[in-house]
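Here is how the chains run, residue by residue.
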Amino acid sequence: MSNQTTVATIISTTEEIQRDAAVVLEIIKTSYPQVMDEAAIAESILAILATLVTKALAAYAAASGTPITPASIASLMPNPTPLTAPGS
Amino acid sequence: MSRNMRLWLHGLGAAFIGGAATSLATVLVDSEKFNIDTLLGLQHLAFVAMVAGIVSAAGYLKQSPLPPVEDSRTAGSKLAALLVASLLLGSFGLAGCNDFERKTFQTLSASKALIDQAQIDYETGTIPHTQTSYDAINKAKDAQTAAVRAFQTYEAAKLSVNQNTDLTVQVAALNSALFSLGPAVAGVKHIYLGEQ
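S.K.: Give a description of the packing of helix 2 (residues 36–62) of chain A against helix 5 (residues 100–124) of chain B that names residues and reports values.
M.R.: Look at helix 2 of chain A against helix 5 of chain B: their axes get within 7 Å of each other, and the N-to-C directions meet at 150 degrees. Classified by the interaxial angle, the pair formed by helix 2 of chain A and helix 5 of chain B is roughly antiparallel. You can see that helix 2 of chain A and helix 5 of chain B cross each other, and the crossing is right-handed. Contacts between helix 2 of chain A and helix 5 of chain B pair Ile 48, Leu 52, Lys 55, Ala 56, Ala 59, Tyr 60 and Ala 61 of chain A from the former with Lys 103, Gln 106, Thr 107, Ser 109, Ala 110, Ala 113, Leu 114, Gln 117 and Asp 121 of chain B from the latter.

Here it is as structure tokens:
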């Protein structure tokens, strides 16, 4: 199995897990309205993590076909914008 | 559905049920609050069962994040952010192969995507606007910058002189920077998982 195929499989599985979990959480929210807020939070955390994983994996896969040049290496630098300090 | 998937789901279900079953102990501890005789008691019991089941299932996912994939280098990877971390670590393990540059490039691409997304999530308030988050993301950005610079140095050394240039020093420096990047990325992962 090629590297790219493996990554695609992982992304697909991640999305599948997210979908299944969303269904389970929806059932929980319907069956137990008193924990609706907690279930909604769990759902949003799951979505955030799935997005994060998918982006990283997609970048990993895309990089397998990108020519390695000084310019493409330089593009790997992180976002140069400084973070906003906490409390400001 | 493959056999591996069925086995994995079976294990996940078993972990959830096992965790939920432990909630029955609460009936013995506080039978007034947790019982099956009243609607409220049953609701309390159901809530504890659900939470215990989720915790147990999460423990299972930590051990077996994904169904085993045949012929895959990532069979031991972790779910979600854990998966990302293992992806990077797995890449580091491959860094010594003949496709060293490609794996390095891919690893740095993945870590950049993750760190940049963390910065976006921090600025939008998706993840906590705390000193811990601030420090973790900045540490990851510094580690990413150092690794990219080491990669640039390696590439420059390779291209500038001749084919017989010994790149041992540059390779060592780049590997060192990549190994430092691993914990820094793991620090970002901890923000998402709410760990300190």
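S.K.: Tell me about the environment of Ala 50 of chain A, and please be specific about residues and values.
M.R.: Residues and elements named next belong to chain A. Relative to the elements of secondary structure, Ala 50 occurs in helix 2. Since its relative accessible area comes to 7%, Ala 50 is described here as buried. Between the alpha carbons of Ala 50 and Gln 18 there is a distance of 7.0 Å; along the sequence they are 32 residues apart.

S.K.: Just give me the short version of the nonpolar core, but keep the residues and values in it.
M.R.: Among the nonpolar cores identified, the biggest contains 37 residues, and Leu 108, Ile 137, Phe 151, Leu 174 and Tyr 192 of chain B are the most heavily contacted of them. Those elements that place two or more of their residues in this core are helix 2 of chain A together with helix 5, helix 6 (131–160) and helix 7 (168–192) of chain B. The dominant element in this core, judged by the number of residues it contributes, is helix 6 of chain B, at 10 residues. Listed in part, the 7 residues of the second largest apolar core include Ile 17 of chain A together with Trp 8, Ala 15 and Leu 61 of chain B.

S.K.: Requested: an account of the pattern of salt bridges, with residues and values cited.
M.R.: Any two side chains of opposite charge can pair if their charged atoms end up close together. Residue and element names in this part refer to chain B. What the rule picks out here adds up to 3 salt bridges over all chains. Its salt-bridge partner being Glu 101, residue Lys 158 comes within 2.9 Å of it at the nearest N-O pair. Placement of Lys 158 in helix 6 and of Glu 101 in helix 5 is noted, with a sequence separation of 57 residues between them. The class for Lys 158 is partly exposed, based on a relative accessible area of 29%. For Asp 116, the salt bridge identified is with Lys 112, shortest N-O distance 2.6 Å. You can see Asp 116 and its partner Lys 112 sitting in helix 5, 4 residues apart, about one turn around the helix. Classification of Asp 116 by relative accessible area gives buried; the value is 15%.

S.K.: If you had to explain the packing of aromatic side chains to someone new, which residues and values would you point to?
M.R.: Residues and elements named next belong to chain B. The final tally for this structure, using the stated rule, is 3 aromatic pairs over all chains. Ring geometry for Phe 100 versus Tyr 154: centroids 5.5 Å apart, planes at 70 degrees, classification edge-to-face. With Phe 100 in helix 5 and Tyr 154 in helix 6, the pair connects residues that are 54 residues apart, well separated along the chain. The burial state of Phe 100 is the same as that of Tyr 154; both residues are buried.

S.K.: I'd like a description of the packing of helix 6 of chain B against helix 7 of chain B, backed by residues and values.
M.R.: Any two packed helices are characterised by how steeply their axes cross, that is the angle between the axes, and by the distance between the axes. All names here are of chain B. One can describe the packing of helix 6 onto helix 7 by two numbers: an axis separation of 8 Å at closest approach and a directional angle of 160 degrees. Of the possible angle classes, the one that applies to helix 6 and helix 7 is roughly antiparallel. Relative to helix 7, the crossing made by helix 6 is left-handed.

S.K.: Report on the environment of Val 55 of chain B, specifying residues and quantitative values.
M.R.: Checked against the element boundaries, Val 55 of chain B lands in helix 3 (residues 39–63). Considered as a pair, Val 55 of chain B and Phe 16 of chain B are 39 residues apart in the sequence and their alpha carbons are 7.8 Å apart.

S.K.: Go over a nonpolar patch on the surface, please, and point to the residues and values.
M.R.: Residues and elements named next belong to chain B. There is a patch of nonpolar side chains on the surface, built from Phe 16, Ile 17 and Ile 54 and spanning about 280 Å² of accessible area. Mapped onto the elements of the fold, Ile 17 is located in helix 1 (residues 3–21). In this structure Ile 17 comes out as exposed when scored by relative accessible area, which is 58%.

How each quantity is defined
Residues numbered from 1 in each chain as written. Chains lettered and ligands numbered in written order. Predicted model: local features only at pLDDT ≥ 70, side-chain atom pairs only at ≥ 80, totals over all residues. Heavy atoms only, no water. Axes fitted to C-alpha atoms, helices over the stretch in contact; angles between N-to-C directions. Helix = DSSP H or I, 4+ residues; strand = E, 2+ residues; numbered from the N terminus. Parallel < 35°, antiparallel > 145°, perpendicular 65-115°, else oblique. Left-handed = near helix turned anticlockwise from the far one by under 90°. Contact = heavy atoms within 4.5 Å. Buried < 20%, exposed > 50% of the residue type's maximum accessible area, 1.4 Å probe, protein only. Core = buried A, V, L, I, M, F, W, Y, C linked by side-chain atoms within 4.5 Å. Salt bridge = Lys/Arg side-chain N within 4 Å of Asp/Glu carboxyl O. Phe/Tyr/Trp six-rings, centres within 6.5 Å; stacked < 30°, edge-to-face > 60°. Patch = residues over 30% accessible without salt bridge, like charges linked within 9 Å, V, L, I, M, F, W, Y side chains within 5 Å. Areas by Shrake-Rupley, 256 points an atom, 1.4 Å probe, with all protein chains shown as cover.

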